[in-house]
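The primary structure of each chain is shown beneath.
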Amino acid sequence: TSAQIGVTGLAVMGRNLARNFARNGYTVAVHNRTVSRTKALVEEFGQEGDFIAAETAEDFVAALERPRRLVIMVKAGEPTDAVIEEFAPLLEPGDMIIDGGNAHFADTRRRERELRERGIHFVGTGISGGEEGALHGPSIMPGGSKESYASLGPMLEKISAKAADGAPCVTHCGPDGAGHFVKMVHNGIEYADMQLIGEAYQLLRDVAGYSPAQIADIFRTWNTGRLDSYLIEITAEVLSHVDAATGKPFVDVVVDRAEQKGTGRWTVQIALDLGVPVSGIAEAVFARSLSGHAALREASRGLAGPKPSPLSESEAAAFADRVEQALYASKIVSYTQGFHEIAAGSEEYGWDIDLGAVSAIWRGGCIIRAAFLDRIRAAYDARAELPSLLSDETFAREIAAAQDDWREVLTAAVRQGVPTPGFAAALAYYDALRAERLPAALTQGQRDFFGAHTYRRVDRDGAFHTLWGGDRGEVSA
Ligand code: 6PG
C-alpha cells in the first residue's frame, strides 16, 4: 500500500494534522527526525486510521504514491530549508512539498522558485486554528501552482474546517507566496483583534470598575451579538478563570508582558514596504513590545496621571454598551486595513487574490473566526472591486451609528489615563480617510521649504517650488 499524503515533523501541529488526514480516510505516511515520536504517534493513535510509520527519509518518500504530496510541519526559517534540502533530492518532477508552517512569504517565494527549477511544486500553506484546529479542521491558506492545488485541494477541503453554510475553509490563495502572505495578515489581524479586546477589558475594569468575572459576563453577552467570535468566547473563559493557588482572578496572576513569534511584526514591516497604513495592527505590535519593557515601565511608574473618577452603577452599564460600539467600529477598521494590505500584496506580486474568498475561509477554523467574516464576504460579493471595507454601505452605516459612542469611549479613556492605542488608531484612521483636507499639504510646504522637494497644486498640473529664501515667487519644477 502507498500513502496519499505524508507528514514530516510530528510536533503537536504536525501530529494533529496527520491524524486529521487519517481520520478522513487517507493513508498517511508519518516521519520525524526523532523516530520515537513517529512510533508514539502510531502507538497512541494508530487505530484512528491508516498510518505508515517511516524511519528514514528514503522510506518516507518511498511510501508515498505519485505524484507525492509531502507536508512539512517544522519551525519556520532554517529548519524548513534543512528539511527541504533533505527531501528534495529524493523527489521526482511533479511531486509536491507542502510547507504548513508560519513561513515568511518571501522565503516561500524563494523556495517555490528554486524548487520549480527542479520540477517540484512548492505549496506554501497558511494553517490556522492551533492544535485543535489541526486535528478537527483548520482554516487552510495554500499558495502555489494551480496544478498542485488541483491535486491537493480536494484533500485539504476534506480536512479543513467547514463554515456554518458547510463551505470548506480553504481556497487557493494564489501563486508562490500568496498563501503565507494571507496567513501573515491573518495573524496581524489576530494581533489587532486581541489588542482591541484587551483595551475593552481594561476600560471595563479601570473606567467602569467591573471585576474580571463581571467582564467575562459582559463578553459572553457580546458574544451573542455581532461580535460573536472565537476570540471573544475564549476571552470570557480566560477572564472567568480563577487561579487555584491564590484564589485570585487568573488574569491578575499572569505577568503582563505579551510575547510574540513574529508574524504580527512581519505584517507591519511588509505594510511599511508596501505603503499601506495598518496603524491598528502596528499599535497592537507596539503594545506587545511596550508591555515587555519591564525596566522602562518600572522607571515610569511614578509619572503623573489623572485623578480617578469612578462611575455610578448605571453609568458603568451605559459605558459598557459604548465600549461594545467602540470595539466593533475599531474591529471594522482593523479588517479594513488588513484587507488593504492583502490587496496591495496581491497587486505587487501579481497574485490575483480573491478577497471575498479569503474572508470566506476565515469564517471557520482559524483564530479570528467570527460571524463578522460572513459580512465581509457579503461586502465583497456585492462589490468585488470594493475600494475599502469602509466603502461598503452596511459597514459605513454601522460605523455611523457607533461613532458617537466610539468618541465618548476614547474621551473617557484619555480623561482617565487608560491607554487605548488600538481604539485611537482606528478612529484616527477613520477620521483621516473621511477628512476633506489633511495637513499633508502643510507637510509638503515644509518639505519644499527646507529641501526644495516640490509640491503639486490643487488648481494646476505639474510640480512646483517656491523660492522661500528669495522673493517667494513660484517656479515650475
Ligand atoms: C493561528 C495562530 C498561530 C499562532 C500564532 C501566535 O492562526 O493558528 O495565529 O499561527 O498561535 O502565530 O503568534 P504569536 O506567538 O506571535 O502571538
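If you're wondering where the values come from, they're calculated on a predicted model, not measured in any experiment.

J.: Describe the UniProt feature "domain: 6-phosphogluconate dehydrogenase C-terminal" (unreviewed entry) in the chain, with residues and values.
T.: The UniProt entry lists residues 179-469 under the feature "domain: 6-phosphogluconate dehydrogenase C-terminal" (unreviewed entry), expressed in the numbering used here. Helix makes up 66% of residues 179-469 and strand 2%, and the two end C-alpha atoms of the span are 53 Å apart.

J.: Help me get a handle on the pattern of salt bridges, residues and values and all.
T.: Throughout the structure, instances matching the rule amount to 35 salt bridges. With its nearest N and O atoms 3.1 Å apart, the salt bridge here joins Arg109 to Asp176. Here the residue Arg109 occupies a position in helix H5 (residues 105-117), and Asp176 occupies one in the loop between helix H7 (146-159) and helix H8 (178-206), the gap between them amounting to 67 residues. Relative accessible area serves as the criterion here: at 14%, Asp176 is assigned to the buried category. Notably, a salt bridge pairs Arg220 with Asp217, separated by 3.4 Å at the nearest N-O pair. Pair noted here: Arg220 and Asp217 are both in helix H9 (residues 212-222), with a separation of three residues, about one helical turn. Among the charged side chains, a salt-bridge network with shared partners connects Asp81, Asp99, Asp107, Arg110, Arg111 and Glu114.

J.: A description of the environment of Asn32 should follow, citing residues and the corresponding values.
T.: Tracing the chain through its elements places Asn32 in the loop between strand E2 (28-31) and helix H2 (35-45). For the pair Asn32 and Ala432, spaced 400 residues apart in sequence, the C-alpha to C-alpha distance is 52 Å. Setting aside anything within four residues of it in sequence, one finds Asn32 in contact with Thr8, Gly9, Leu10, Arg37 and Thr38. Of note is the side chain of Asn32, whose polar atom sits 2.8 Å from the backbone nitrogen of Leu10. In this structure the side chain of Asn32 is engaged in a polar contact, spanning 3.0 Å, whose partner is the backbone oxygen of Thr34.

J.: Can you lay out the site of the ligand for me, pointing to particular residues and giving the numbers?
T.: Every one of the 15 residues lining the ligand counts as a neighbour, but Ser128, Lys183, Glu190, Tyr191 and Lys261 are closest to it. With respect to the ligand, the backbone of Gly129 contributes an N or O atom lying 2.9 Å from an oxygen atom. Taking Lys183, its side chain carries an N or O atom lying 2.8 Å from an oxygen atom of the ligand. Computed on the free molecule, the ligand has an accessible area of 420 Å², of which 81% lies beneath the protein chains in the complex.

J.: Run through the sheet that holds strand E5 (residues 96-99), naming residues and quoting values.
T.: Where strands meet in a sheet, backbone hydrogen bonds hold them as pairs that are either parallel or antiparallel. Taken together, seven strands build an open sheet; the order of strands is E3-E2-E1-E4-E5-E6-E7 and the sheet is mixed. The two strands at the open ends of the sheet, each matched to only one other strand, are strand E3 (51-54) and strand E7 (139-142). Taking the axes of each pair of neighbouring strands and ignoring which way they run, one obtains an average angle of 25° across the sheet. Of the strand pairs in this sheet, strand E6 (residues 121-128) and E7 are connected by four bridges, and their pairing is antiparallel.

J.: Can you tell me about the state of the cysteines, naming the residues and giving the values?
T.: This structure, assessed with the given rule, holds zero disulfides. No disulfide involves Cys169; its sulfur sits 7.2 Å from that of Cys366, the nearest cysteine.

Definitions and limits used
- Residues numbered from 1 in each chain as written.
- Predicted model: local features only at pLDDT ≥ 70, side-chain atom pairs only at ≥ 80, totals over all residues.
- Heavy atoms only, no water.
- UniProt positions renumbered as here; feature names shortened; annotations may be inferred.
- Helix = DSSP H or I, 4+ residues; strand = E, 2+ residues; numbered from the N terminus.
- Salt bridge = Lys/Arg side-chain N within 4 Å of Asp/Glu carboxyl O.
- Buried < 20%, exposed > 50% of the residue type's maximum accessible area, 1.4 Å probe, protein only.
- Contact = heavy atoms within 4.5 Å.
- Polar contact = N/O pair within 3.5 Å; in protein donor to acceptor, adjacent residues only side chain to side chain.
- Near = heavy atom within 4 Å.
- Areas by Shrake-Rupley, 256 points an atom, 1.4 Å probe, with all protein chains shown as cover.
- Pairing = 2+ DSSP bridges.
- Axes fitted to C-alpha atoms, helices over the stretch in contact; angles between N-to-C directions.
- Disulfide = S-S within 2.5 Å.

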